[in-house]
Amino acid sequence: MTDLLALANPLQGTRSIHSFSRGNTLPFIGSPFAMTSWAMQTADGRWYFHPDHRQVRGVRATRQASPWMGDYGHFTLMPQVGERRLAPARRSSAYRPHEATFQPHFLRFQLVRYETHVELTATPRAMIMRLVFPTGAREKRLLLETYPGQARIEIDPARRAVRGYTRANSGGTPSNFASYFILKFDCELAADQCGLFREDEAFGGAEGTDDALGAIIGLRPPAGGAVTVRVGTSFISLEQAERNLAGEIGDRALETVRDDVAADWRDLLDRFEIDADSDHDRRTFASCLYRAFLFPRRWHEPDAQGNPIHFSPHNGDVVPGVMYSDNGFWDTHRTVYPFFSLVCPSRMQEMLEGWVNVYKESDWLPRWVNPGETGGMIGTHIDAVLADAVMKGLRGFDVEAGYAGMVKQATREAPARYGRAGIEAWIRHGYLPADAARHSVSATLDYAFGDFCIGQVAGALGKIEERDLMWRRAMNYRRLFDRATGFMRARDEHGRWIEPFDEFMWGGPYVEGSAWQCSWAVPHDPAGLAELLGGDEALVARLDRMLALPPIYRADEYGEEIHEMTEMACADFGQYAHNNQPVHHVLYLYAAAGRPDRTQSWVRRVLTELYGPGPDGFIGDEDNGEMACWYLLSALGIYPLCVGRPEYVLGSPLFRRAVLRLEQGGELLVDAPANSPKNVYVRRVAWNGAPHSRVVIDHRDLAQGGTLAFEMTGRPEWTEVAQADRPFSLSRLFP
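Residues numbered from 1 in each chain as written. Predicted model: local features only at pLDDT ≥ 70, side-chain atom pairs only at ≥ 80, totals over all residues. Heavy atoms only, no water.

Turning next to the overall build of the protein chain. Secondary structure assignment for the protein chain yields 21 helices and 37 strands. Taking 27 Å as the expected radius of gyration for a compact globule of 735 residues, we find that the protein chain reaches 26 Å, a close match to that expectation. Seen along its three principal axes, the alpha-carbon backbone of the protein chain occupies a region of about 80 × 55 × 50 Å. Looking at the protein chain residue by residue over its 735 residues, the buried ones come to 66%. Of the contacts formed within the protein chain by residues at least 6 apart in sequence, a portion of 69% connects residues at least 24 apart. Total accessible area computed for the protein chain in this model is approximately 24300 Å², and 47% of it derives from carbon and sulfur atoms. Averaging the positions of the 79 positive and the 94 negative side-chain charges in the protein chain gives two centres separated by 2 Å. (Helix = DSSP H or I, 4+ residues; strand = E, 2+ residues; numbered from the N terminus. Rg over C-alpha atoms; globule rule 2.2 N^0.38 Å. Buried < 20%, exposed > 50% of the residue type's maximum accessible area, 1.4 Å probe, protein only. Contact = heavy atoms within 4.5 Å. Areas by Shrake-Rupley, 256 points an atom, 1.4 Å probe, with all protein chains shown as cover. Lys, Arg positive; Asp, Glu negative; His and termini not counted. Charge placed at Lys NZ, Arg CZ, Asp CG, Glu CD.)

Time to look at helix H5 (residues 279-292). Residues lying three or four places apart along an α-helix face the same way, a consequence of the helix completing one turn every 3.6 residues. In this model H5 runs 20 Å from its N-terminal to its C-terminal C-alpha over 14 residues, within 8% of the 20 Å that 1.5 Å per residue would give. Burial runs high along H5: 11 of the 14 residues are buried. Among the residues of H5, those classed as buried are Asp-281, Arg-282, Thr-284, Phe-285, Ala-286, Ser-287, Cys-288, Leu-289, Tyr-290, Arg-291 and Ala-292. Along its buried surface, H5 packs onto helix H1 (4-7), helix H4 (254-269), strand S20 (272-275), helix H7 (336-343) and helix H20 (626-635). Residue Ser-278 occupies the N-cap position of H5, its side-chain oxygen lying 3.2 Å from the main-chain nitrogen of His-280. (Expected span 1.5 Å × (residues − 1). Polar contact = N/O pair within 3.5 Å; in protein donor to acceptor, adjacent residues only side chain to side chain.)

Within strand S12 (residues 161-166), 6 of the 6 residues are buried, which leaves it mostly tucked inside the rest of the structure. Residues Ala-161, Arg-163 and Tyr-165 of S12 are buried on one face, and the alternating residues Val-162, Gly-164 and Thr-166, pointing to the opposite face, are buried as well. Bridge count between strand S11 (residues 150-156) and S12: 6 bridges; the pairing is antiparallel. When the bridges of S12 are listed, Ile-155 appears paired with Val-162. Taking the residues that link successive antiparallel strands as the turn, the S11-S12 hairpin has 4 residues, and the phi of Arg-160 there is positive, at about 55°. (Pairing = 2+ DSSP bridges.)

The next subject is the sheet that holds strand S6 (residues 101-103). Taken in spatial order, the 9 strands line up as S6-S7-S8-S9-S19-S13-S12-S11-S17 in an open sheet, and their pairing is antiparallel. Looking at strand neighbours, the two that pair on one side only are S6 and strand S17 (207-211), the edges of this open sheet. Across this sheet, the average inter-strand angle for adjacent strands is 15°, counted without regard to direction. Seen against the sheet, H4 touches strand S7 (106-111), strand S8 (116-122) and strand S9 (126-132) and runs at an angle of roughly 45° to S8. (Axes fitted to C-alpha atoms, helices over the stretch in contact; angles between N-to-C directions.)

The next point concerns the environment of Ala-592. If you trace the backbone, Ala-592 turns up in helix H18 (residues 589-592). Once the C-alpha coordinates of Ala-592 and Tyr-114 are considered, the two residues, 478 residues apart in sequence, prove to be 60 Å apart. Beyond its immediate chain neighbours, meaning those up to four positions away, Ala-592 contacts Pro-526, Leu-641, Arg-726 and Pro-727.

A side chain of one charge can pair with a side chain of the opposite charge when the charged atoms of the two come close. Within this structure, the stated rule accounts for 57 salt bridges. In this structure, Arg-420 engages Asp-451 in a salt bridge whose closest nitrogen and oxygen atoms are separated by 2.9 Å. Taken together, the positions of Arg-420 in the loop between helix H10 (399-411) and helix H11 (423-429) and Asp-451 in helix H12 (residues 440-460) put the pair 31 residues apart, joining distant regions of the chain. The pair formed by Arg-420 and Asp-451 is uniform in burial state, with each residue classed as buried. Here Asp-451 ties to Arg-473 by a salt bridge, and the two come within 2.9 Å at their closest N and O atoms. Residue Asp-451 is located in helix H12, and its partner Arg-473 is located in helix H13 (residues 464-474); the two are separated by 22 residues in the primary sequence. In this structure, Asp-451 and Arg-473 share a single accessibility class: buried. (Salt bridge = Lys/Arg side-chain N within 4 Å of Asp/Glu carboxyl O.)

What follows is the structure in structure tokens.
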């Protein structure tokens, strides 16, 4: 069996800069869904690692979900030998990337300047690091740097320990937020060489509280030069940080911890087995799996009895129960949670319990939490996540409370950062007037989809009148369709189109795109969208034109060229901007219009041309697993066109054979023995040996296990699909 953990590359997507993203990822080392990750730091600022840099500034305790969101509770550890240099640029050391080891569970490299070897592995809330210093009389030390925000440091040579906290954050935290840490050493601390520092200024003392306060930790290594540092972290207290360290690492050796963390990764990655000729494809699949299991982060910690408790980033209290964070649902609802529902449904239900706890602790469901609510992006896409789970029978959370939160944000104005902006105007007009909220067209379409999802949950709970109300509201997307242009367009409060209109203008009524990228956001009613455009042939022609047009864009509304524009231009897939989420379902609309062959060929092109296992592995922001999960699902030949509806559209599987070992037992086999780079089309499909004429397959069937067989061919043959065999469309129930 292929060792997918050995193939997973944490450097995937890291060759990113502010103006051009190849993923905007970081090479996180640690456990799946870790509360604290660890990463090599090669620069200052939010883009703090780049694979082309050759100098290391330290190893960073990090929770950064995206450079656009920033880090919180972060601090950096840097070994040093000889003359003391404190500022990052002055203390940095060369490293040789070709000699370094980056694995999901293990990091190893040499600081050439200091002749010091560094190795580390990490559990969800703790880390163990081995430093091997050179022999000789020069002083050895470990620098602990914190970032803007109050910090407390206590150096205790007698206990061979350093304790403290930092309140560094990028927003989204209550005033009493703190990230606590404890460091324990297996060697003596040189008390006369210890002290505190800020920026490049050192001063005496073993403890203090100040902004961005750091610690100089003098070390007396044994004869062989090896020092082991054990680090515990917590959002609750210093005592809890020590409990986390004792419970997750204790006195175990680094190799033992490393192997246990590797086993945690293999528990997830080894649920898959793939048969592929291409090493590139194997490595890309493995690396995307690693990315899929990083977010959201666990935010709960075990109390003395082992029960989950957490510091709430929503109300500042320590409360019982589970909590997760670092997730933007505008992105992740599309692919991440549908992927989890198949691969790790138990973990997903624990996440949903955490998301409903957000509602209980803040009175609002989460939108973009990092760690508390930041109000990023638009819409309330947690609606889709909860509906998808409920409709798939994954109800191991407080469904009634989740439903109450969904209804609240769909019917009541919310404070800034929460809920749906302009919801009263939406209810009054049936759409968002252009001056009622930002990105009025995109928000209107998102609200309509969200209402469909609320209706799904209402129906599942037997609330039929509420279901019908929400489903009727879900058809409001039609109010913004302009038959003259064929696009969704902005209106004012009197229903008049906003002029002038430019189909290539980004921003304004559209979010991170133009009318070309943002007019397709009707996943709950593709048949209704086709009808607006003039029928199935018109929808297919419109999709063809989208892919054939040059990647034209206008930046006037933004005032500058944003990175998504640049990435679309460089990908050169016409107006199909796979570098950003709004179009991620669009290629599957071909299948909904009765042309699955078009879906098959275009999806295969995206899989093979726009993804890779290396630092250039993505064509835009990866976004908490969303772009990785698009790849993983599409490579299996399935895609959740309408999240909240328990079915997947069939595409073009990438491998001859792929196996998913299901959590509840059994296997899902995707079998395509004639698959090849040329045989990208599907002639026919069978499910458990029986012919399958539908272009969709139910989640229930896949989750029970079985064989999904694709007969592959080199030319388009499946070019017609009966209406009854197409994806769900709400207009069939509400014409």
